Amino acid sequence: MLDVVEVRIPASRPADDLPEAPQRGTVTEVRQYPDGRYRCTVWSAGDEVACLYDEEFLVATGDRAALADFALPGPFRVRHEVTVLSGCGDPEISGRIGVVDGSHCEIGDPPSAAIGVWIEALGAGFAVRPQDLRATGKRMPASSAGPRRGSSTQVTPDGKIRGQSTYTIVESIKDEL
């Protein structure tokens, strides 16, 4: 994890089978599938979305990215418990307790940084500006149970489901932040 890699996809692979490859990126998650195959989540500098690649398409460069490069905007970190303040502009989540989930984006006009907050009582995640959050002083522990199960659904650009995968998350940057 945090290894900088080059993505090299053979020309023989169908173009619709894999996302367009960045030239370089950073491994932020490693997954092992039931058939023994490994796939890695790779973030490319400047991209908004990470892509998933088979281990065989990644070539180590010998460089490592700094963990700080993946920190969230504002003073909060993954797994911090927070209260959404009443001035947040969304009455549904105002006053609710949530946990910072590690995602971030820009919201509003003009755009401002927001971080993802999972609100268990609503069973959903929300993008909230850091200034609309107050720390409770608690932080959920990192996963200490070791590898954990995950699943994903593959969807075509037009919204049709292509399939579903289950895997074991072996390493994740979210456990380090």
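As the structure is a computational prediction, the values presented were derived from the model and not from experiment. (Residues numbered from 1 in each chain as written. Predicted model: local features only at pLDDT ≥ 70, side-chain atom pairs only at ≥ 80, totals over all residues. Heavy atoms only, no water.)

Draft legend 1. How the structure looks around the pairing of strand β6 (residues 80-84). Counted residue by residue, β6 has five buried out of five residues, so it is predominantly covered. Pairing analysis gives four bridges linking β6 to strand β10 (residues 133-139), with the strands arranged antiparallel. Following the sheet pairing, His80 is matched in β10 by Arg139. One ladder, built from three bridges, connects β6 with strand β7 (residues 97-107); its direction is antiparallel. What sits directly across from Glu81, in β7, is Val99. (Buried < 20%, exposed > 50% of the residue type's maximum accessible area, 1.4 Å probe, protein only. Helix = DSSP H or I, 4+ residues; strand = E, 2+ residues; numbered from the N terminus. Pairing = 2+ DSSP bridges.)

Draft legend 2. Quick look at the sheet that holds β6. Overall, antiparallel pairing links the five strands, which are arranged β9-β8-β7-β6-β10 in an open sheet. Pairing within the sheet leaves two strands with one partner each, and these edge strands are β9 (124-128) and β10. Between one strand axis and the next, the sheet turns by 40 degrees as a mean value, whatever way the strands run. Sheet topology note: the β7/strand β8 (residues 112-119) ladder contains six bridges and is antiparallel. (Axes fitted to C-alpha atoms, helices over the stretch in contact; angles between N-to-C directions.)

Draft legend 3. Representation of unusual backbone geometry within the structure. Between Asp109 and Pro110 the backbone carries a cis peptide bond, its omega angle lying at 5 degrees. When you line up the elements, Pro110 lands in the loop between β7 and β8. Positive phi outside glycine occurs at Arg79, with the angle close to 80 degrees. Positionally, Arg79 belongs in the loop between β5 (58-64) and β6. For Arg79, a relative accessible area of 14% puts it in the buried group.

Draft legend 4. Spotlight on the packing of aromatic side chains. Within the structure shown, the criterion is met by zero aromatic pairs. Looking at Arg37, its charged tip hangs above the ring of Tyr33, at a distance of 4.7 Å from the centre. (Phe/Tyr/Trp six-rings, centres within 6.5 Å; stacked < 30°, edge-to-face > 60°. Lys NZ or Arg CZ within 6 Å of the ring centre and 35° of its normal.)

Draft legend 5. Spatial organisation of the pairing of β8. Turn length for the β7-β8 hairpin, with the two strands adjacent in sequence and antiparallel, is four residues, and the turn residue Gly108 shows positive phi of about 85 degrees. Judged from the five bridges that link them, β8 and β9 form a sheet pairing that is antiparallel. Note that in β9 the partner of Val117 across the bridge is Phe126.

Draft legend 6. Representation of the pattern of salt bridges. In this structure the tally under the stated criterion is nine salt bridges. The partner of Arg24 in a salt bridge is Asp63, with the nearest N and O atoms 3.1 Å apart. Taken together, the residues span a long stretch of sequence, with Arg24 in strand β2 (residues 24-32) and Asp63 in strand β5 at a distance of 39 residues. Owing to a relative accessible area of 39%, Asp63 belongs among the partly exposed residues under this scheme. Its salt-bridge partner being Arg31, residue Glu29 comes within 2.7 Å of it at the nearest N-O pair. Across the pair, exposure class does not vary: Glu29 and Arg31 are buried alike. Beyond isolated ion pairs, a larger network of salt bridges with shared partners links Asp35, Arg37, Arg39 and Asp54. (Salt bridge = Lys/Arg side-chain N within 4 Å of Asp/Glu carboxyl O.)

Draft legend 7. Quick look at the environment of Asp63. Each C-alpha atom, one on Asp63 and one on Asp3, is 6.2 Å from the other, the two residues being 60 residues apart in sequence. The residues touching Asp63, leaving out its near neighbours within four places in the chain, are Leu2, Asp3, Val4 and Arg24. Among the polar contacts listed, one links the side chain of Asp63 to the side chain of Arg24, at a separation of 3.1 Å. (Contact = heavy atoms within 4.5 Å. Polar contact = N/O pair within 3.5 Å; in protein donor to acceptor, adjacent residues only side chain to side chain.)

Draft legend 8. Looking closely at the confidence of the model for the protein. When pLDDT is averaged along the protein, the result is 82; 85% of the residues meet or exceed 70. For the protein, the element scoring lowest by mean pLDDT is strand β11 (residues 148-155), at 75; β6 scores highest, at 94. (pLDDT = per-residue confidence, 0-100.)

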